[in-house]
Amino acid sequence: MAKFCQKCGKKLPLFASGVLCRDCEISYKAELARIEAELAAQLDKAEKEIIATKDVTEQQLELLKKQDKNSLINLYSKIYDQFESDKELEEEEINALQKIQEAFNLTNEDVKFDERVRPYIYVNTIRKEGTLPTVDLQIEGGTPVVLKKGEVVHFADTAVLKELKSVSLGYSGGSNGISFPIAKGIRYRVGAHRGHVVKEDRFVETSQGVLIITNQRLFLHPFAGHKPLSIPLNKILSYQCFNNGIEVYKEGREKGYFLAIDKAGSVELFGLCLGHLLGQ
Ligand SMILES: [Zn+2]
């Protein structure tokens, strides 16, 4: 059965693989390339303008609507990198980034907001107002957090509590002894012993929940079936942030707590809050 070009109607060769004739195929590809180049130029222009003005106009947002999501995330990242190249993110820069994020429904995960932007919001608030931002804490599907009088929440994220526990690692130094035949089929074994039990202090998971930093305490609001942990700020002897969590030492307790936190940005924020609250 004869096939015809979908665009110009010209009869196609018998074994044509596409739906367009050669000429239409060529002009179609040229048109695609032209659109691609135009979109790329638009992105480039928007990037330069936004970086220069530290603002995003409605008109720019309207034009950018033609871009695909990955290009927009890429644009956000390029602008972020420029804004942040001085290791600061000013309020107007944060606002511009948020406009882009909102206009194109980019999620916090898409733009790594918690890691890249949120810490600067905290830093700026501390600088400008001498205080930490407060958040309205809502835990989905969980029991409500009971706050004390005058207590406000500054930051929260899920965490796993690990505590140092003595664990048995089994026997060490045991020996199988030597065995030798004393009669056909019977072997005699000498010198076998089990060695000594080896124990070691190790971090063992003891609870899970939402770790909350308030103006009064560090509090692990436990998930169902887990235990809570509350450390008043004035009982914190020392703490240290690692990229996978925070180690906290509490007055009157020899062994530290380790609060494992998945998100790198969250550790930074807990550290920022603790630093500010403990007057460092
Ligand atoms: Zn054609």
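Residues numbered from 1 in each chain as written. Predicted model: local features only at pLDDT ≥ 70, side-chain atom pairs only at ≥ 80, totals over all residues. Heavy atoms only, no water.

Peer 1: Would you mind showing me how to read helix 1 (residues 22-53) here?
Peer 2: Residue pairs spaced three or four apart in an α-helix point in one direction, given the helix's 3.6 residues per turn. Counted at 1.5 Å a residue, the expected span for helix 1 with its 32 residues is 46 Å, and the 47 Å between its end C-alpha atoms agrees. Those residues of helix 1 that sit buried are Cys-24, Gln-42, Leu-43, Ala-46, Glu-47 and Ile-50. Of the surrounding elements, those touching the buried residues of helix 1 are helix 2 (58-64), helix 3 (69-83) and helix 4 (91-103). Note on helix 1: the residue one or two positions beyond its end, Lys-54, has a positive phi of about 55°. (Helix = DSSP H or I, 4+ residues; strand = E, 2+ residues; numbered from the N terminus. Expected span 1.5 Å × (residues − 1). Buried < 20%, exposed > 50% of the residue type's maximum accessible area, 1.4 Å probe, protein only. Contact = heavy atoms within 4.5 Å.)

Peer 1: For this particular structure, what's the right way to read unusual backbone geometry?
Peer 2: Residues other than glycine predominantly adopt negative phi, and peptide bonds predominantly adopt the trans conformation. Despite not being glycine, Lys-87 shows a phi value in the positive range, around 60°. Relative to the assigned elements, Lys-87 resides in the loop between helix 3 and helix 4.

Peer 1: When you look at the domain arrangement of the chain in this model, what are you seeing that I'm missing?
Peer 2: One frequent convention defines the size of an interface as the accessible area lost when the parts assemble. Considered domain by domain, the chain is made up of domain 1 (23-111) and domain 2 (153-170 + 200-277). For domain 1 versus domain 2, the distance between C-alpha centres works out to 39 Å. (Domains from an automatic or database assignment.)

Peer 1: So what exactly am I meant to see when it comes to the pattern of salt bridges here?
Peer 2: Any two side chains of opposite charge can pair, on the condition that their charged atoms come close. According to the stated counting rule, one finds 22 salt bridges in the structure shown. Linking Lys-45 and Glu-49 is a salt bridge whose minimum nitrogen-to-oxygen distance equals 3.4 Å. Of this pair, Lys-45 and Glu-49 both sit in helix 1, four residues apart, which is roughly one turn of that helix. For Glu-49, a relative accessible area of 30% puts it in the partly exposed group. Where Lys-227 meets Glu-163, a salt bridge forms, and the shortest distance between an N and an O atom there is 2.6 Å. Remark: Glu-163 occurs in strand 1 (residues 153-172) and Lys-227 occurs in the loop between strand 5 (217-222) and strand 6 (229-232); sequence separation between them is 64 residues. On the accessibility criterion, Lys-227 (37% relative accessible area) is partly exposed. (Salt bridge = Lys/Arg side-chain N within 4 Å of Asp/Glu carboxyl O.)

Peer 1: Please clarify how the packing of helix 1 against helix 3 should be interpreted in this entry.
Peer 2: What describes two packed helices is the angle between their axes and the distance between those same axes. Packing of helix 1 against helix 3 brings their axes to within 10 Å, and their N-to-C directions diverge by 30°. It follows that helix 1 is roughly parallel to helix 3 by the angle criterion. Considering how the two elements wind past one another, helix 1 and helix 3 form a crossing that is right-handed. Facing Leu-43, Glu-47, Ile-50 and Ile-51 of helix 1, the residues of helix 3 in contact are Ser-71, Leu-75, Lys-78, Ile-79, Gln-82 and Phe-83. For the contact of helix 1 with helix 3, the per-class residue count stands at six nonpolar, two polar and two charged. (Axes fitted to C-alpha atoms, helices over the stretch in contact; angles between N-to-C directions. Parallel < 35°, antiparallel > 145°, perpendicular 65-115°, else oblique. Left-handed = near helix turned anticlockwise from the far one by under 90°. Nonpolar A, V, L, I, M, F, W, Y, C, P; charged D, E, K, R; others polar.)

Peer 1: What's the story with the coordination of the zinc ion in this structure? I'm lost.
Peer 2: Any two of four tetrahedral donors ideally make an angle of 109.5 degrees at the metal, while pairs among six octahedral donors ideally make 90 or 180 degrees. Of the protein atoms, only Cys-5 (SG), Cys-8 (SG), Cys-21 (SG) and Cys-24 (SG) coordinate the zinc ion, at distances of 2.2 to 2.4 Å. In this structure, the zinc ion is surrounded by four donor atoms whose angles at the metal cover 103 to 116°, and the resulting shape is tetrahedral. Read in sequence order, the donor residues coordinating the zinc ion give the pattern C-x2-C-x12-C-x2-C. Highlighted residues: Cys-8 in the segment before helix 1 and Cys-21 in the segment before helix 1, separated in sequence by 13 residues. Since its relative accessible area comes to 45%, Cys-8 is described here as partly exposed. (Donors = N, O, S within 2.8 Å, 3.2 Å for Na, K, Ca; no water. Tetrahedral: all angles 85-135°; square planar, octahedral: opposite > 155°, others 65-115°.)

Peer 1: I'm lost on the packing of aromatic side chains in this one. Help?
Peer 2: Any pair of aromatic rings gets described here by the distance separating the centres and the angle formed by the planes. Per the stated rule, a full pass over the model turns up four aromatic pairs. Arranged with centres 6.1 Å apart and planes meeting at 85°, the rings of Tyr-122 and Phe-155 form a pair that is edge-to-face. Here the residue Tyr-122 occupies a position in helix 7 (residues 118-129), and Phe-155 occupies one in strand 1, the gap between them amounting to 33 residues. Their ring planes at 70° and their centres at 5.0 Å tell us that Phe-155 and Phe-270 sit as a pair that is edge-to-face. Taken together, the residues span a long stretch of sequence, with Phe-155 in strand 1 and Phe-270 in helix 8 (residues 264-277) at a distance of 115 residues. The exposure classification of Phe-155 matches that of Phe-270, with both residues buried. (Phe/Tyr/Trp six-rings, centres within 6.5 Å; stacked < 30°, edge-to-face > 60°.)

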